[in-house]
Every structure is written in C-alpha cells, then in structure tokens.
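Listed below, chain by chain, are the residues.
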Amino acid sequence: GAVVSQHPSWVICKSGTSVKIECRSLDFQATTMFWYRQFPKQSLMLMATSNEGSKATYEQGVEKDKFLINHASLTLSTLTVTSAHPEDSSFYICSAREIGQATYEQYFGPGTRLTVT
Amino acid sequence: AQKVTQAQTEISVVEKEDVTLDCVYETRDTTYYLFWYKQPPSGELVFLIRRNSFDEQNEISGRYSWNFQKSTSSFNFTITASQVVDSAVYFCAFFNQGGKLIFGQGTELSVKP
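For clarity, every value in this text was computed on a predicted model and none was experimentally measured.

A.B. asks: Outline the overall build of chain B, supporting the account with residue identities and numerical values.
C.D. replies: The helix and strand tally for chain B stands at zero helices and twelve strands. Secondary structure elements of chain B occur, N-terminal to C-terminal, as β-β-β-β-β-β-β-β-β-β-β-β. Referenced to the eigenvectors of the C-alpha coordinate spread, the extents of chain B come out at roughly 40 × 25 × 20 Å. Taken across its 113 residues, chain B has 44% of its residues classed as buried. Of all intrachain contacts in chain B linking residues separated by at least 6 positions in sequence, the fraction that spans at least 24 positions is 54%. Total accessible area on chain B stands at roughly 5600 Å², and carbon and sulfur atoms take up 48% of it. Between the mean site of the 10 positive side-chain charges and the mean site of the 13 negative ones, chain B shows a separation of 4 Å.

Shown next, in the form of structure tokens:
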C-alpha cells in the first residue's frame, strides 16, 4: 500500500516551453502533497506544499508564477514548470500524506528528471 | 533555526567493512521526528527508519543499526558488514513542528567489492 507515482519519469524539453509533472497517490487519498527539487549531488529542498482544493504554499525563494501547482483532487497534484530554462533542470520528487495519517508520514514518488535544453 | 548536518559528503569502504554515517541536528523543539532515507542511483527515496524525540532506544534491523542520542543531538546510522548493494546516497531528515521535512546534505556511500 501507500504507493505514489509520478509521470513522466523523465522529460526533455526546450528552453522556453512548459512542462507538467503529475504526482498520483495510487491506493490512498492524500489531502496534502509536497514537491521537492534536487539538483545533482545536492539535498532535497522543499518547494511547496499543496492541499487539495486550496492554493499551494511556496517556500521562500520559489517563484509561484514559474512553478504552478494544482491539487485538484485527493489523488492528483501537478507541477507545471512554465517557460523552463536550463537552470530548471533538476530531479523533482513529490510526496503525499494520507488522510488521517500522522503529520510526519509522507510517501515519496519515484521522481521526475527534467532536462531543459 | 532547525538544521540537519551530515558532515561526511562521501565515504568509500570495502565490502564487509562496517561503516557509520553521522547525523547531527539542531532544534529547540521538544517533540520532533528523525528519519533516515536511502537514495540509490535510480533516485527513488527508500524509507529506512523513523524515530521520535521521546524514544532514545537504539534500533537494529538486520545489518542496519541506529544510535539516537539527544544529549549530543545525533542520530547516527551504522551498516555492519557492508555490501555493494548498500552503495547509495543516505539522507538524514528532521520533521519539525511546522510540518516540514528538512533533509541533511546527504552522504554518498560507495562500497567496493
């Protein structure tokens, strides 16, 4: 149980285009989902927290207009990188918290590797 | 400020050696949780252990063991008789009262045959 999927696993896009990454909780409902970014050889940094049906809360320094997050249902959150640039190339990981679970519980997705050329 | 420090950026050992990965955290919270995750080359995070601040008992799971000491704010991870499959990046993480998971910088472990 508690499986989180991400789609796509990897994506290459051209500079200036937008790319959408999906995060799905497959066997549970998630009121809260988190988006992390990981640059090569670096740690995971929380980008934003999204709650179903409400606006995402972004961490300091993360541009909300560039990284659009939508959490329209209890099983799906999407991250859209708008007008992507090479510096946005990174590994994006989502996690989800199941309804009713302790606040410290998070199930991680497998990650999406984004390369912007 | 809350912070997790993994001072060892890279560790290289030969198979069957024991290895300890250090983790030191800073917080003023009295209630918190500590985690260890493994990130193999595929990138997917693998949960290893969670500890709450009120439970200082050491834990052993097979070849893995964890030593939690509040007095030194440390939560160290030891792999006994390391194997090549243990090669990965290991992250220590801290869950704070604000509901966020804060990761350390990670330690890249390389186990050579």
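Past the structure itself, the notes keep going.
A.B. asks: An account of the interface of chain A and chain B is requested, with residue identities and associated values reported.
C.D. replies: By a widespread convention, an interface's size corresponds to the accessible area lost as its parts come together. Taken residue by residue, the interface counts 19 residues in chain A and 18 residues in chain B. Taken together, both faces of the contact between chain A and chain B bury some 1500 Å²; the carbon and sulfur share is 55%. One can count three salt bridges joining chain A with chain B. Of the charged contacts in the structure, one is a salt bridge between Arg50(B) and Glu105(A), with a shortest N-O distance of 3.1 Å. The interface formed by chain A and chain B contains five residue pairs in polar contact (both at pLDDT 80 or more).

A.B. asks: Talk me through the packing of aromatic side chains; I want residue IDs and the actual numbers.
C.D. replies: Ring pairs (aromatic) are described by centroid distance and by the angle formed between their planes. Following the criterion strictly, the structure yields 24 aromatic pairs over all chains and no others. Plain terms: the ring middles of Trp66(B) and Phe77(B) are 5.0 Å apart, the flat faces sit at 5° to each other, and that makes the pair stacked. With Trp66(B) in strand S8 (residues 64-69) and Phe77(B) in strand S9 (residues 74-79), this pair connects stretches of sequence that are eleven residues apart. Relative accessible area serves as the criterion here: at 4%, Trp66(B) is assigned to the buried category. Where Phe91(B) meets Phe103(B), the ring centres are 6.1 Å apart and the plane angle is 90°; that geometry is what we call edge-to-face. With a gap of twelve residues between them, Phe91(B) in strand S10 (residues 88-95) and Phe103(B) in strand S11 (residues 101-103) connect regions that are remote in the sequence. Since its relative accessible area comes to 1%, Phe91(B) is described here as buried. Residue Phe103(B) is classed as buried on the basis of its relative accessible area, which comes to 7%. Put simply, the rings of Tyr36(A), Phe108(A), Phe35(B), Tyr37(B), Phe47(B), Phe91(B) and Phe103(B) touch in pairs and so form one group of aromatic residues.

A.B. asks: Mind laying out the sheet that holds strand S8 (residues 76-81) of chain A, listing which residues take part and the relevant values?
C.D. replies: All names here are of chain A. Overall, antiparallel pairing links the four strands, which are arranged S1-S3-S8-S7 in an open sheet. Strand pairing shows two members of the sheet lacking a second neighbour, strand S1 (4-7) and strand S7 (67-73), which therefore form its edges. Averaged over all pairs of adjacent strands, the angle between strand axes in this sheet comes to 15°, irrespective of strand direction. One ladder, built from six bridges, connects strand S3 (residues 19-25) with S8; its direction is antiparallel. Opposite Cys23, over in S8, you have Ser77 as the bridge partner.

A.B. asks: Summarise the nonpolar core; cite the residues concerned and give the values.
C.D. replies: Within soluble globular proteins, side chains that are nonpolar generally end up buried alongside one another. All names here are of chain A. Counting 26 residues, the largest nonpolar core has Trp35, Phe67 and Leu114 as its most contacted members. For this core, the elements supplying multiple residues, two or more each, are strand S2 (10-13), S3, strand S4 (30-38), strand S5 (44-51), S7, S8, strand S9 (90-98) and strand S11 (112-116). Setting aside residues up to four positions removed in sequence, Leu114 forms contacts with Val11, Cys13, Val19, Val81, Asp88, Ser89, Ser90 and Tyr92.

A.B. asks: Go over the environment of Arg50(B) with me, naming the residues and quoting the values.
C.D. replies: As for its position among the elements, Arg50(B) is in strand S6 (residues 46-52). Placed 44 residues apart in sequence, Arg50(B) and Phe94(B) show a C-alpha to C-alpha distance of 9.5 Å. Apart from the residues within four sequence positions on either side, Arg50(B) is in contact with Tyr104(A), Glu105(A), Tyr33(B), Leu34(B) and Phe35(B). Side-chain polar atoms of Arg50(B) contact the side chain of Glu105(A), separated by 3.1 Å.

A.B. asks: Account for the pairing of S9(B), with residues named and values stated.
C.D. replies: All names here are of chain B. For S9, the buried fraction is high: six of the six residues fall into the buried class. Judged by which residues are buried, S9 turns out to be covered on both faces: Ser74, Asn76 and Thr78 on one side and Phe75, Phe77 and Ile79 on the other are all buried. Alignment of strand S3 (residues 19-21) against S9, held across three bridges, turns out to be antiparallel. Looking across to S9, one finds that Thr20 is bridged to Thr78. Summarising the sheet, S8 and S9 pair through six bridges and their orientation is antiparallel. Looking across to S9, one finds that Asn67 is bridged to Asn76. Once S8 ends, the chain turns through four residues before running back antiparallel as S9, passing Ser73 with a positive phi of about 50°.

Cut-offs applied
- Residues numbered from 1 in each chain as written.
- Chains lettered and ligands numbered in written order.
- Predicted model: local features only at pLDDT ≥ 70, side-chain atom pairs only at ≥ 80, totals over all residues.
- Heavy atoms only, no water.
- Helix = DSSP H or I, 4+ residues; strand = E, 2+ residues; numbered from the N terminus.
- Buried < 20%, exposed > 50% of the residue type's maximum accessible area, 1.4 Å probe, protein only.
- Contact = heavy atoms within 4.5 Å.
- Areas by Shrake-Rupley, 256 points an atom, 1.4 Å probe, with all protein chains shown as cover.
- Lys, Arg positive; Asp, Glu negative; His and termini not counted.
- Charge placed at Lys NZ, Arg CZ, Asp CG, Glu CD.
- Buried area = accessible area lost by both parts, 1.4 Å probe.
- Salt bridge = Lys/Arg side-chain N within 4 Å of Asp/Glu carboxyl O.
- Polar contact = N/O pair within 3.5 Å; in protein donor to acceptor, adjacent residues only side chain to side chain.
- Phe/Tyr/Trp six-rings, centres within 6.5 Å; stacked < 30°, edge-to-face > 60°.
- Pairing = 2+ DSSP bridges.
- Axes fitted to C-alpha atoms, helices over the stretch in contact; angles between N-to-C directions.
- Core = buried A, V, L, I, M, F, W, Y, C linked by side-chain atoms within 4.5 Å.

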